[in-house]
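Below, each chain spelled out in residue letters.
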There are 2 protein chains.
Amino acid sequence: MSKQQSIPYKIYLKESEMPKQWYNVRADMVNKPAPLLNPQTLQPMTAEELKVVFCEELVQQELNDADRYIDIPQEILDFYKMYRPAPLVRAYCLEKKLDTPAKIYYKFEGNNTSGSHKLNSAIAQAYYAKNQGLKGVTTETGAGQWGTALSMACAYLELDCQVYMVKVSYEQKPFRREVMRTYGAKVTPSPSDTTEVGRKILEAFPGTGGSLGCAISEAVEAASNQEGYRYVLGSVLNQVMLHQSIIGMETKAALDQYGIVPDIIIGCAGGGSNLGGLIAPFVGEKLRGEKDYRIIAVEPASCPTLTRGKYVYDYCDTGMVCPLAKMYTLGSGFIPSASHAGGLRYHGMNSTLSQLYADGYMEAVSVEQTAVFAAAKEFAKVEGILPAPESSHAIKVAIDEALKCKETGEEKTIVFGLTGTGYFDMMSYEKFNNGVMSDYIPTEEDLQRGFAGLPKVEADM
Amino acid sequence: MSKQQSIPYKIYLKESEMPKQWYNVRADMVNKPAPLLNPQTLQPMTAEELKVVFCEELVQQELNDADRYIDIPQEILDFYKMYRPAPLVRAYCLEKKLDTPAKIYYKFEGNNTSGSHKLNSAIAQAYYAKNQGLKGVTTETGAGQWGTALSMACAYLELDCQVYMVKVSYEQKPFRREVMRTYGAKVTPSPSDTTEVGRKILEAFPGTGGSLGCAISEAVEAASNQEGYRYVLGSVLNQVMLHQSIIGMETKAALDQYGIVPDIIIGCAGGGSNLGGLIAPFVGEKLRGEKDYRIIAVEPASCPTLTRGKYVYDYCDTGMVCPLAKMYTLGSGFIPSASHAGGLRYHGMNSTLSQLYADGYMEAVSVEQTAVFAAAKEFAKVEGILPAPESSHAIKVAIDEALKCKETGEEKTIVFGLTGTGYFDMMSYEKFNNGVMSDYIPTEEDLQRGFAGLPKVEADM
């Protein structure tokens, strides 16, 4: 008890203790994740092919499954110092409220203007683009978190930033759009008349509000049409998961300082970059047989990629212009319901996490959004932080696990990732506060419709 | 240089190093601020009279000009641990961008859901109300920062919270309203039909969007109409400035750890609580003749309380139901233009700061809002944080002072208060980004109209 009391509410690493390397979990895997496939040839993508779309150094990172540690360049470390280390928070108030013997910690990634962990990879991708002598980058954004993060990174490095924002979000979420513009990004509602794919879609569906798939296709085309531009992506890819390992590296360093060993590690999972980053050094120990942790991925019941998807090759984008990845997927044509956790509405899952899940190194649960918002409000009231709907998926399951401890009397240590804040999600909170939010679980028929669009790839046979 | 390089980007006090006392600067003053006057009798308010409206312990703090240090109760210290210590940031990137020999530091108070320093006093006021056995508190809010902070504090302590929100903000700023509701506060657009004063105003001006003065009057009436309720206020009062001294105490402790002595301390000034809190221990040293610091209050040119106001007794509210304070004021009837720094649109100034300014212990400058937003964007791009318009007034003057150092070659140390984030101010940024923001400086005639409404008080004669 005296030891426990000596643990502060928030553990901040000193600047000198901040990790200087990313953790590449693929180096520890015996079963490596399957390679990306060329969407035309269905053969493994070569570095040369990838370099047409992505920055060179990022291609190396994408393909590297051998080096456990990868040095973080000094310029990126300096940027990290602006908003990191992120605090590892002991949730004393939540524990008290739940009256649980469990010890709950969360790694809070929301203390920066992008409002989430996305900035960890945005600065890395922007840095490598700048370093390669590029003029700018293009990307897509849905609700706007990734676009905001990339805008910030590009502003810092004086790199041009072009964001294709799903039109319905562009119109309904003017605040995030304006944050991006404040950071100097050019924000275009998608579909637009600036690309061929955009013009085609506008012709076919004049009144469409757009989709993430369409925005990706436009961003990829815009990059290939401009000299000195490349396309960058905020999740799903292994390079993104690598950059996000800064979350797990800091978390582990902070826990180690106090001799704390987690029993359960929980993260929300959309494309997988946050969860993959949080668990990286822990699952590495698990893969090497040095430690055992329960690792839980939490996904929305409305988009149950891991819990109800298939582990096969699929397109990463709905436009089918990006490489194929072997992953848990609901099919690139699966249409999730209008859930309020926009960041978790992705049909697939990072290929490394998919392999880890297939091999039994992690569990997955799905939760419904009204239960998630109820947990979010409970958390906000006692811990002070108003969480993003995405992050609140992890809160919900952390609370569930803590309440199980209350029943059994076990003093388990639970660590979860709190990826961001909900300041730009107040319309969703309003729906919940007014009691007009509903849940949606896809039927078997819904899933079959998504699966019907899966590509036939020999490697899956 | 080597010493300088050892200073991290962010200085966080350890939890064990966090201040356990507030600093009451009035104890150091030879010329004490003038007492509050009863609006009916124009005689100094007694503790008994103040207790009708305010919580008992807070009345003691309001009247205490003798004790330099006041212990912070453990429950408040525990709450502070949830979101404090706030970082003292070395603005390395801004210095580099400005190419200045000046060393710039800022104390960042935006890392909490209320988005500003307001939470420091909200938890204190809610705690004393709870401790007194009250059921709830009432307050007013304009843009919503204070209301949000109070909602958070009340949710934590399970105290009822009733917020009268200026109707035009209630309608145009639904996000902050929804944050308050998420924390369980009852938010009423003002004027409303729930109070006599509200009904009267609605009758006289059926389509009115409300005003802060009206909301104050409604909140005061609501408190007096309900058993077990008191009214609380987010700025202007000495008790609020006392609670905000946690900002200055932490800042001084962090600077002392590295042997840093500021030359210039800068803060934005609306009602004065942030500035008063930041400078408290420093101006204490100055008052005692131990150290000398340049202290600069920054106010908007559209509401130039210190730079163009009169130092006389005036009503604290436009409804004239609150006590009178001797302060720099533009007159309680002065109508500031629709500036985008809602938190700085107050006609008066905390009486302690007013006395310090009158006695020459601090300077004041006024700045125009387009220059403020330009500074805000420059800051956001290099330091990552998107600042509140209010806070950006201090940024503007800090940059100005740093550029003077560039001219003279002086390596001055500048410390400024960054009170909060601008996430809920994106409509204002949009105006600036689109080039449609204008400046407004009141004419001499505008000022004379405000002064014409000043009460005639013998103490001023």
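Residues numbered from 1 in each chain as written. Chains lettered and ligands numbered in written order. Predicted model: local features only at pLDDT ≥ 70, side-chain atom pairs only at ≥ 80, totals over all residues. Heavy atoms only, no water.

Residues and elements named next belong to chain A. According to the stated counting rule, one finds 52 salt bridges over all chains in the structure shown. Linking Glu178 and Arg177 is a salt bridge whose minimum nitrogen-to-oxygen distance equals 3.7 Å. Neither Glu178 nor Arg177 differs from the other in exposure class; each is buried. Because the salt bridges share partners, they merge into one network encompassing Asp28, Arg68, Arg288 and Glu290. (Salt bridge = Lys/Arg side-chain N within 4 Å of Asp/Glu carboxyl O. Buried < 20%, exposed > 50% of the residue type's maximum accessible area, 1.4 Å probe, protein only.)

With that out of the way, let us pick up the sheet that holds strand 4 (residues 88-90) of chain B. All names here are of chain B. Judged by pairing direction, the sheet is mixed, and its 7 strands sit side by side in the order 1-4-5-15-10-11-14 without closing on themselves. Among the strands making up the open sheet, the edge pair consists of strand 1 (10-11) and strand 14 (363-367). Sheet analysis places strand 4 next to strand 5 (residues 103-108), joined by 3 bridges and oriented antiparallel. When the bridges of strand 5 are listed, Leu88 appears paired with Lys107. Sheet strands in contact with helix 13 (residues 273-287) are strand 10 (264-268), strand 11 (294-300) and strand 15 (413-418), and its direction is about 155° off that of strand 10. (Pairing = 2+ DSSP bridges. Helix = DSSP H or I, 4+ residues; strand = E, 2+ residues; numbered from the N terminus. Contact = heavy atoms within 4.5 Å. Axes fitted to C-alpha atoms, helices over the stretch in contact; angles between N-to-C directions.)

The next point concerns the relation of the copies chain B and chain A. Least-squares fitting of chain B to chain A yields an RMSD of 0.0 Å, with the transformation described by 0.0 Å of translation along the axis and a rotation of 180°. With respect to symmetry, the two chain copies, as superposed, fit the operation of a two-fold axis. Within chain B, Asn111 of chain B has its C-alpha nearest the rotation axis, a separation of 3.0 Å. A share of 100% of interface residues in chain B that are also interface residues in chain A marks the association as one of identical surfaces. (Least-squares fit on C-alpha atoms with pLDDT ≥ 70 in both.)

The next thing to look at is the sheet that holds strand 8 (residues 186-190) of chain A. Residue and element names in this part refer to chain A. Within the open sheet, the 4 strands sit side by side as 8-7-6-9. Their pairing is parallel. Pairing within the sheet leaves two strands with one partner each, and these edge strands are strand 8 and strand 9 (229-231). Looking at each pair of strands side by side, their axes are set apart by 25° on average, direction ignored. On the sheet, helix 7 (residues 145-157) packs against strand 6 (136-141) and strand 7 (160-166) and is oriented at approximately 160° with respect to strand 6.

Residue and element names in this part refer to chain A. Partitioning chain A into structural domains gives domain 1 (4-18 + 73-115 + 245-451) and domain 2 (30-68 + 118-231). The C-alpha-based centres of domain 1 and domain 2 are spaced at 23 Å. Every contact between the two is made by 35 residues of domain 1 and, on the other side, 35 residues of domain 2. When domain 1 packs against domain 2, close to 3000 Å² is buried across both sides, 64% of that on carbon and sulfur atoms. Applying the counting rule to domain 1 against domain 2 returns 0 salt bridges. (Domains from an automatic or database assignment. Buried area = accessible area lost by both parts, 1.4 Å probe.)

All names here are of chain A. For helix 7, built from 13 residues, the straight-helix expectation of 18 Å at 1.5 Å per residue is met to within 8% by its first-to-last C-alpha distance of 19 Å. Counting buried positions over the 13 residues of helix 7 gives 12, a clear majority of the element. Within helix 7 the residues assigned to the buried category are Gln145, Trp146, Gly147, Thr148, Ala149, Leu150, Ser151, Met152, Ala153, Cys154, Ala155 and Leu157. Trailing helix 7 by a residue or two, Glu158 shows a phi angle of about 55°, which is positive. (Expected span 1.5 Å × (residues − 1).)

At the junction of the two partners, chain B supplies 44 residues and chain A supplies 44 residues. For the pair chain B and chain A, the interface holds 4 salt bridges. A salt bridge links Glu158 of chain A to Lys97 of chain B; the shortest N-O distance between them is 3.3 Å. Here chain B is connected to chain A by 25 residue pairs in polar contact (both at pLDDT 80 or more). Put simply, the parts of the chain that give the side of chain B that touches chain A at least two residues each are helix 4 (74-83), helix 5 (92-98), helix 7 (145-157), helix 9 (174-182), helix 16 (369-383) and helix 18 (426-433) of chain B. Broken down by element, the residue count for the side of chain B that touches chain A peaks at 6 residues, all from helix 9 of chain B. Per-class residue counts for the side of chain B that touches chain A are 22 nonpolar, 8 polar and 14 charged. (Polar contact = N/O pair within 3.5 Å; in protein donor to acceptor, adjacent residues only side chain to side chain. Nonpolar A, V, L, I, M, F, W, Y, C, P; charged D, E, K, R; others polar.)

Moving on, we get to the packing of helix 4 (residues 74-83) of chain A against helix 6 (residues 119-131) of chain A. Packed helices, taken two at a time, are described by their axes: the angle between them and the distance between them. All names here are of chain A. In the contact formed by helix 4 and helix 6, the axes pass within 10 Å of each other and the chain directions differ by 150°. Judged by the angle between their axes, helix 4 and helix 6 are roughly antiparallel. Relative to helix 6, helix 4 is oriented so that their crossing is right-handed. From helix 4, Glu75, Ile76, Phe79, Tyr80 and Tyr83 reach across to helix 6, where they touch Leu119, Asn120, Ile123, Ala124, Tyr127 and Tyr128. Along the lines of polarity and charge, the residues of the contact of helix 4 with helix 6 split into 9 nonpolar, 1 polar and 1 charged. (Parallel < 35°, antiparallel > 145°, perpendicular 65-115°, else oblique. Left-handed = near helix turned anticlockwise from the far one by under 90°.)

Residues and elements named next belong to chain B. In this structure, Asp71 sits in strand 3 (residues 69-71). The spatial distance from the C-alpha of Asp71 to the C-alpha of Tyr12 is 22 Å, given a sequence separation of 59 residues. With near-sequence residues (within four places) excluded, Asp71 lies in contact with Lys20, Gln21 and Trp22. Looking at Asp71, its side chain comes within polar contact range of the side chain of Gln21, at 2.9 Å.

Residues and elements named next belong to chain A. When you tally the buried positions in strand 7, you get 6 out of 7 residues, the bulk of the element. Read from strand 6 through helix 7 to strand 7, the crossover connection turns out right-handed. Pairing analysis gives 5 bridges linking strand 7 to strand 8, with the strands arranged parallel. Considered in strand 8, the bridge of Gln162 is made with Lys186. (Right-handed = clockwise from strand over helix to strand, strands pointing away.)

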